[in-house]
Amino acid sequence: MYEEPATARLVEAFANTVDVELGTDDLSAPEQLTDWLVGQRLLARPHRADADDLALALRLRGGLRERLGVPVGDQPAAALLADADSALRELPLLATVGGAPPANQPANQPAAPSDAGPTEGADPARGADPDATDGAGAGPVAPEAAPVGGAGAGLVLVPAPGLPPVRRGLAGVAVAWSELVLAGDAARLKRCAEHECAWVFWDVSKNRSRRWCSMRVCGNRNKARRFAAKRAVAPSPTTRPN
């Protein structure tokens, strides 16, 4: 089993703020973005997101969700990837060489996260395959910083100094995604190949072969649809003349 790291849990939670199957969006207003960032320990009240912050978050989320479809064979929309890249340029990161940043944060920044805490609005049933997951539904830990290149490398990614509090919180998602890419683990984070679901999940299989968030639900649904399509196009049996 390949345990899902805190960085992946954070990106997964961010991507799954939209539920394609239910038609819901947990980031449909600036105050919802504020609540999500606070719930992930990326922002401290009384700071609040505005419309520009929300637009930035949605650009980043849209591009990340497109990118997460690539490991299951989907062709991403180039415009959405470009939007996400543009958003990341507005959330610059800094690589430090002194290890983790000091424990005492400035007064306007959130406290360092702990190793536990529920994900606000998470649905443990979504994306959980009883035969292939470990700790489904566990809340993500929001990284204020992430090590670069593995333990002992001495480099840490942090949001760049000077970012406003909300942007700094969003940069925490950028930190998490960057660390996944640098660690070579980004391909384990996938968007379900069943497009009616499109739930983002962590692939715990040894060879990274999973395509559906749940084989029992989305996998079987996909197979049933393909079987029905094959039957629909199969030639009808001819009747032997008398």
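Residues numbered from 1 in each chain as written. Predicted model: local features only at pLDDT ≥ 70, side-chain atom pairs only at ≥ 80, totals over all residues. Heavy atoms only, no water.

Describe in detail helix H1 (residues 6-15), supporting the description with residues and values.
The buried fraction of H1 is high, at nine of 10 residues. Thr 7, Ala 8, Arg 9, Leu 10, Val 11, Glu 12, Ala 13, Phe 14 and Ala 15 are the residues of H1 that are buried. (Buried < 20%, exposed > 50% of the residue type's maximum accessible area, 1.4 Å probe, protein only. Helix = DSSP H or I, 4+ residues; strand = E, 2+ residues; numbered from the N terminus.)

With reference to specific residues and values, describe the packing of H1 against helix H5 (residues 165-183).
Helix-helix packing is characterised by the crossing angle of the two axes and by the distance between the axes. In contact at an axis separation of 8 Å, H1 and H5 are set at 125° when each is read in the N-to-C sense. Taken together, the axes of H1 and H5 lie oblique to each other. Of the two elements, H1 crosses H5, and the hand of that crossing is left-handed. On H5, the residues that touch Thr 7, Ala 8, Leu 10, Val 11 and Phe 14 of H1 are Leu 170, Gly 172, Val 173, Ala 176, Trp 177, Glu 179 and Leu 180. (Axes fitted to C-alpha atoms, helices over the stretch in contact; angles between N-to-C directions. Parallel < 35°, antiparallel > 145°, perpendicular 65-115°, else oblique. Left-handed = near helix turned anticlockwise from the far one by under 90°. Contact = heavy atoms within 4.5 Å.)

Got a sec to walk through the packing of aromatic side chains? Specific residues and values, please.
The tally for this structure, following the rule as stated, stands at one aromatic pair. The cationic tip of Arg 188 hangs over the ring face of Tyr 2; the distance from NZ or CZ to the ring centre is 3.9 Å. Here the basic side chain of Arg 211 rests over the ring of Trp 212, its NZ or CZ set 5.4 Å away from the ring centre. (Phe/Tyr/Trp six-rings, centres within 6.5 Å; stacked < 30°, edge-to-face > 60°. Lys NZ or Arg CZ within 6 Å of the ring centre and 35° of its normal.)

Any chance you could break down the nonpolar core for me, citing the residues and the numbers?
Judged by nonpolar contacts, the single largest core of 34 residues is most densely connected at Phe 14, Leu 33, Trp 36, Leu 37, Leu 170, Leu 180 and Leu 189. When residues of this core are assigned to their parent elements, the largest contribution, seven residues, is made by H5. Core analysis: the second largest hydrophobic core is formed by nine residues, Cys 192, Cys 197, Trp 212 and Cys 213 among them. (Core = buried A, V, L, I, M, F, W, Y, C linked by side-chain atoms within 4.5 Å.)

Can you tell me about unusual backbone geometry, naming the residues and giving the values?
Trans peptide bonds make up the majority, and among non-glycine residues the majority have a negative phi. Arg 45 connects to Pro 46 through a cis peptide bond whose omega is 15°. With respect to the helices, strands and loops of the structure, Pro 46 is situated in the loop between helix H2 (30-39) and helix H3 (51-67). Even without being glycine, Arg 41 reaches a positive phi, approximately 65°. On the accessibility criterion, Arg 41 (31% relative accessible area) is partly exposed.

I'd like to hear about the side chain of Thr 34, residue by residue, with values.
Mapped onto the elements of the fold, Thr 34 is located in helix H2. Residue contacts for Thr 34: discarding those within four places in its chain leaves Leu 43, Arg 45, His 47, Arg 48 and Ala 49.

So what's going on with the state of the cysteines? Which residues, and what values?
This model, assessed by the stated rule, comprises zero disulfides. Cysteine Cys 197 remains unbridged, with the sulfur of Cys 213 as its closest cysteine sulfur at 3.7 Å. By relative accessible area, Cys 197 is classed as buried at 1%. Cys 213 gets classed as buried once you look at its relative accessible area, which sits at 3%. (Disulfide = S-S within 2.5 Å.)

For the pattern of salt bridges, give the residues involved together with the corresponding values.
Any two side chains of opposite charge can pair, so long as their charged atoms come close to each other. In this structure the tally under the stated criterion is eight salt bridges. With a shortest N-O distance of 2.8 Å, Arg 191 and Asp 74 are connected by a salt bridge. Pair noted here: Arg 191 is in strand S6 (residues 189-191) and Asp 74 is in the loop between H3 and helix H4 (78-89), with a separation of 117 residues, a long-range link. Each of Asp 53, Arg 59, Glu 90 and Arg 167 takes part in salt bridges that share partners, so that together they form one network. (Salt bridge = Lys/Arg side-chain N within 4 Å of Asp/Glu carboxyl O.)

None of the figures reported here should be taken as evidence of function without further support.
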